[in-house]
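The residues making up each chain are set out below.
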Amino acid sequence: MELPKTYTPQDYESDIYALWEKSGAFEPKGKGNSFSVVVPPPNANASIHIGTALTLALQDIAIRYHRLRGDKALFLPGADHAGFETQAVFEKRLAKEGKSRFDFTREELYQQIWDFVAENRANFEKQFRQLGASVDWSHFTFTLDDKIVKRAYQTFKKMWDEGLIYRGERLVNFCTFHGTAFADIEVEYQEEQGKLWYINYPLTDGSGAITIATTRPETMLGDTAVAVHPDDTRYENFIGKTVKLPLTNREIPVLADDFVDVKFGTGAVKITPAHDPNDFEVARRHDLPFIQIINHEGRITGEAPEEFRNLTVGQAREAVLRALKEAGNIDKEKYISHSVGHCYKCGTVIEPLIMNQWFVDMQPLAKPAIKALKEGKIKFYPKAKCDQLIAYLENLRDWNISRQIAWGIPIPAFQNVDQQDDWIFDERVTEEIIEVNGKTYRRDPDVFDTWFSSSSWPYATLDYPDSDDFKQFYPLSLMETGGEILYPWVSRMLMLGLYITGEIPFKEVYIHGYVMAEDGSKMSKSKGNVVSAPEIIEKYGADALRLGIIAGRAPAVNRGYDKRKVEDGRNFCNKLWNIARYIESQTKSEQKGKTDPISSADHWLLAKLATAGQGITKDLDSYRFSEAYDKLYHFVWDELADWYIEASKTSSNPGLLASVLEATLTLTHPFAPFVTETIWQTFPEDNNDDNSLLATSKWPKIAKADQNKAAEFEAIKAIVSECRDIIASIGANKPTLYYTESDLLANNAKLITKLAGLAAVSQVRDGEGLRLTQTIENCWLDVDANAYKKQLEAKLAEQDSIIEKLEARLSNPSYVKNAPHAVVEQTKQQLEEAKAQQAKLAAEHDRFNH
RNA sequence: GGGUGAUUAGCUCAGUUGGCUAGAGCACCUCGUUUACACCGAGGGGGUCAUAGGUUCGAGUCCUAUAUCACCCACCA
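Residues numbered from 1 in each chain as written. Chains lettered and ligands numbered in written order. Predicted model: local features only at pLDDT ≥ 70, side-chain atom pairs only at ≥ 80, totals over all residues. Heavy atoms only, no water.

Caption draft 1: Summary view of unusual backbone geometry. With an omega dihedral of -5°, the bond running from Y381 to P382 counts as a cis peptide bond. Here P382 lies in the loop between β15 (379-381) and α9 (384-394). With an omega of 5°, the peptide bond running from Y464 to P465 counts as cis. Mapping P465 onto the fold places it in the loop between α11 (457-460) and α12 (468-473). Although it is not a glycine, Y623 sits at a positive phi angle of roughly 55°. (Helix = DSSP H or I, 4+ residues; strand = E, 2+ residues; numbered from the N terminus.)

Caption draft 2: Structural detail: the protein's contact with RNA strand B. Residues in contact with RNA strand B amount to 56 residues; listed here are only the nearest, F264, N278, R559, D568 and W637. Of everything in RNA strand B that lies within 4 Å of the protein, sugar and phosphate atoms constitute 58%. The side chain of R809 places a nitrogen or oxygen atom 2.8 Å from a phosphate oxygen of RNA strand B. Split by residue class, the surface near RNA strand B holds 20 nonpolar, 16 polar and 20 charged. (Near = heavy atom within 4 Å. Polar contact = N/O pair within 3.5 Å; in protein donor to acceptor, adjacent residues only side chain to side chain. Nonpolar A, V, L, I, M, F, W, Y, C, P; charged D, E, K, R; others polar.)

Caption draft 3: Molecular detail of the side chain of T676. Tracing the chain through its elements places T676 in helix α20 (residues 673-680). Looking at T676, the relative accessible area reads 0%, which means it is buried. Among the polar contacts listed, one links the side chain of T676 to the backbone oxygen of P673, at a separation of 3.0 Å. Leaving out residues up to four positions away in the same chain, T676 has contacts with L576, L665, T668, H669 and L694. (Buried < 20%, exposed > 50% of the residue type's maximum accessible area, 1.4 Å probe, protein only. Contact = heavy atoms within 4.5 Å.)

Caption draft 4: Quick look at the packing of aromatic side chains. A complete count under the given rule lists 52 aromatic pairs for this structure. Here the aromatic rings of W137 and F140 are separated by 6.0 Å at their centres, their planes lie at 20°, and the arrangement is stacked. Of the two residues examined, W137 and F140, each falls in the buried class. An angle of 70° between the planes, with centres 5.2 Å apart, marks the rings of F156 and F448 as edge-to-face. Here F156 is found in helix α5 (residues 146-161), whereas its partner F448 is found in strand β22 (residues 447-448), with 292 residues between them in sequence. In this structure an aromatic cluster arises from ring pairing among Y153, F156, W160, W358, W399, W423, F425, F448 and F452. A cation over a ring is seen here: K158 above Y499, with NZ or CZ 4.7 Å from the ring centre. (Phe/Tyr/Trp six-rings, centres within 6.5 Å; stacked < 30°, edge-to-face > 60°. Lys NZ or Arg CZ within 6 Å of the ring centre and 35° of its normal.)

Caption draft 5: Up close: the nonpolar core. Membership of the largest hydrophobic core comes to 203 residues, with the highest contact counts inside it found for F156, I550 and L737. In contact with I550, other than residues within four places in its own chain, are L54, A57, L58, I61, F625, S626, Y629 and F671. Counting 38 residues, the second-largest nonpolar core is a separate cluster that includes Y235, F238, A316 and F359. (Core = buried A, V, L, I, M, F, W, Y, C linked by side-chain atoms within 4.5 Å.)

Caption draft 6: Local environment of the side chain of R64. Residue position: R64 is located in helix α2 (residues 50-68). Once residues within four sequence positions are removed from consideration, R64 is found in contact with W20, F26, G132, S134, R546, H669, P670, P673 and A695.

Caption draft 7: A look at a positive patch on the surface. A contiguous patch of positive charge, built from K31, R69, K698 and K701, is present on the exposed surface. In this fold, R69 is placed in the loop between α2 and β2 (72-76). (Patch = residues over 30% accessible without salt bridge, like charges linked within 9 Å, V, L, I, M, F, W, Y side chains within 5 Å. Areas by Shrake-Rupley, 256 points an atom, 1.4 Å probe, with all protein chains shown as cover. Salt bridge = Lys/Arg side-chain N within 4 Å of Asp/Glu carboxyl O. Lys, Arg positive; Asp, Glu negative; His and termini not counted. Charge placed at Lys NZ, Arg CZ, Asp CG, Glu CD.)

Caption draft 8: Local environment of the sheet that holds strand β13 (residues 330-343). Here three strands make up an open sheet; going across it, the order is β8-β7-β13 and the pairing antiparallel. Two strands lie at the open edges of the sheet, namely β8 (209-214) and β13, each paired on one side alone. Averaged over all pairs of adjacent strands, the angle between strand axes in this sheet comes to 20°, irrespective of strand direction. In this structure, strand β7 (residues 187-202) lies alongside β13, joined through 13 bridges in antiparallel fashion. Its bridge partner lying in β13, L196 is registered against K334. (Pairing = 2+ DSSP bridges. Axes fitted to C-alpha atoms, helices over the stretch in contact; angles between N-to-C directions.)

This is how it looks when you write it as structure tokens:
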């Protein structure tokens with residue numbers, strides 16, 4: 001097949017992926033060890049962004065590498081219903097149509113979102129294919145699939161039975177815009193400029209007033225106490241007294257509690273149990289009443305005085321301040337910087353509200369997880385992430401798993417209509433009302449937090465507990481994911497994995513950094529700096545995107561998208577393409593079997609290939625993706641293309657060329673699957689069908705090279721490089737290289753002539769011209785030596801400083817005494833070489849002084 | 001307030017357990033179309049490795065401070 005001059009990925013990629021799929025190349029078939037990765041399921045509704053491309057690229061490299069190694073590799077794809085996320089997107093769409101979620105029942109809403117997600121799912125799967133992700137589609141799992149829902153129910157039941165689940169009236173983080181509660185971890189805190197108001201609360205006995213400081217004056221309507229620190233002498237006499245709460249006619253106590261920070265504000269704190277987490281705890285300790293003055297819509301309730309009712313929180317703040325000012329209760333106000341929780345989706349300020357919700361008691365789950373981490377059962381890349389995770393788990397609070405949205409897995413719990421605290425577990429969630437033992441129960445209208453069900457992902461997708469998949473592939477070999485879900489997802493998978501299966505869910509965790517925008521800032525739609533993965537693929541090809549995005553990227557380090565790296569990637573693919581084009585043109589007539597190295601270049605190349613292959617293998621075994629790519633790049637470009645292929649134009653070994661090409665393509669395949677497979681498919685049909693796909697071929701075993709012959713080529717390279725250097729620096733035109741006695745030059749005259757761009761290499765009786773100094777051969781380049789004087793002087797100076805440093809090191813007795821023998825020997829050798837070098841340079845330089 | 005990471009060439013970044021005369025790609029300069037490739041080839045310039053101390057025969061690499069930036073955590077009323 002005649003290949004065009006330039007590789008055009010658009011013409012091949014989709015066909016190649018179809019070929020892989022049709023051939024079942026991605027089914028776990030290897031006979032070796034199991035190697036399993038599940039894709040952290042992206043939102044089924046969203047278009048693939050560049051961060052997903054990075055994740056898939058890294059995982060796919062690992063999977064393809066292990067597949068080529070002969071491992072039984074499972075790459076399991078999935079998609080996430082992403083409960084709240086997706087509902088929020090859907091609500092935006094409803095809003096555009098002038099509708100809202102309140103126009104529908106939960107069931108109607110659920111059905112509509114289901115259809116909405118189904119529409120977008122095709123798009124999502126297409127993008128997986130575009131990126132070349134070698135996933136086994138037969139294992140595709142959606143987070144609302146029956147088996148995932150069932151697993152969530154069984155987990156909930158087990159926790160229920162074992163007392164880890166409780167229903168409690170607690171303060172939860174509530175978004176009044178979206179009408180749902182969140183887990184602590186979902187709240188986004190921002191540092192904001194606010195005001196701190198100092199308000200006088202007069203003592204009931206008329207003996208004065210106590211001044212409290214607050215950033216939320218409107219919540220005073222729900223105050224049920226004032227707290228001071230027990231050791232705070234300023235307030236000693238106030239403890240036990242009562243104050244008259246302004247704007248209301250309630251009397252509330254002044255009490256002492258350790259939590260108060262004497263240095264903050266006035267050292268006296270208003271206690272609003274229903275709207276502040278701290279105050280909630282204080283109230284529980286002191287048995288204070290809870291007065292809810294803000295409702296789920298973010299408006300003031302009937303518990304407040306008439307004039308404030310139904311105002312929004314913002315309006316109420318102004319009204320309260322105005323009323324307090326009129327009454328003369330405001331002492332002063334000042335600006336303060338404090339952090340405020342927001343809904344991560346809409347930015348609405350999170351209201352802490354008291355609600356009845358399902359909570360998971362986390363301590364019993366966290367402890368075994370901490371133990372496993374401390375025992376090093378899971379290897380982390382980078383290591384520091386393990387310690388971070390331990391710190392997180394050690395401070396974990398109970399997890400609110402109820403969400404007041406439609407799009408999610410219904411919580412399988414029913415409440416006795418006649419007895420509020422009688423809850424039962426039942427999976428008949430399609431029923432609203434059920435009868436059990438003659439009693440009537442109503443279903444909890446809430447759904448699970450998405451993370452509750454997805455925390456079972458590693459074993460639920462593998463059909464825990466009895467399937468072959470589970471037995472073969474659990475625990476997963478690798479969990480590769482972004483740092484942003486280390487806490488919400490990785491930590492919970494670990495806890496639930498240990499809780500349900502008794503085993504860690506994965507053996508290794510690799511955390512990648514974010515792909516930032518080109519300017520290094522975070523990508524966001526509103527800033528308009530989002531980099532589109534499909535556009536990059538369209539322009540440069542999927543391989544270029546994969547290479548560009550992994551190049552030079554260390555684990556867990558955020559880095560901006562860099563177009564230049566993608567261009568490098570494209571150029572690299574094109575280089576490979578042309579290497580293949582050249583080699584295929586040289587191997588038209590079949591040279592089967594004759595792959596033995598003959599020339600020194602052959603041996604040299606095999607040695608280099610072996611070094612590169614070993615290095616790449618080692619790097620990939622420890623997920624050093626970028627380092628592996630770097631080694632590959634330089635082997636292909638510098639050694640294979642620039643030296644070996646150029647040398648092969650003088651004396652070609654077609655059989656070896658062909659086999660080197662195969663090995664190179666295999667080494668490259670995990671990184672750039674499309675171009676390598678495309679080239680592979682241009683090879684003449686093999687009778688052996690097993691080898692018809694590169695994707696399922698074998699990681700290369702490299703033939704042994706003769707080190708002496710390889711060294712001979714190094715000597716040739718040194719001569720060629722020096723000739724090129726001299727020619728370039730003095731602008732000579734095709735000089736001749738003379739030698740007196742040299743087998744090396746005699747045997748490789750043609751090669752050196754060609755590589756160095758000489759007129760000829762020829763033997764003479766006496767050398768003339770400029771003597772080469774970088775080789776032990778006696779040879780002279782036929783150029784005006786005087787023109788090279790300056791360069792020689794510069795080189796001499798360089799040698800002098802090298803020698804000086806080496807001598808200083810060797811004359812240091814403690815160095816010779818303490819450094820390892822090999823290092824000292826190496827230094828000695830370096831010094832010898834440097835001296836020899838200097839002698840040659842000096843001799844050559846001396847000739848100009850006559 | 002606590003924690004983690006970063007700080008290396010004009011730009012984006014590598015640099016594994018301390019042995020480096022500190023690397024890559026891009027950009028820049030000079031030369032070049034030799035029948036794989038201009039998405040190319042040959043050659044070149046460019047860095048007191050943030051700062052200050054310390055450990056060591058030896059530090060970009062380890063330790064301690066400091067500065068700047070980024071992110072994460074926390075019950076700053």
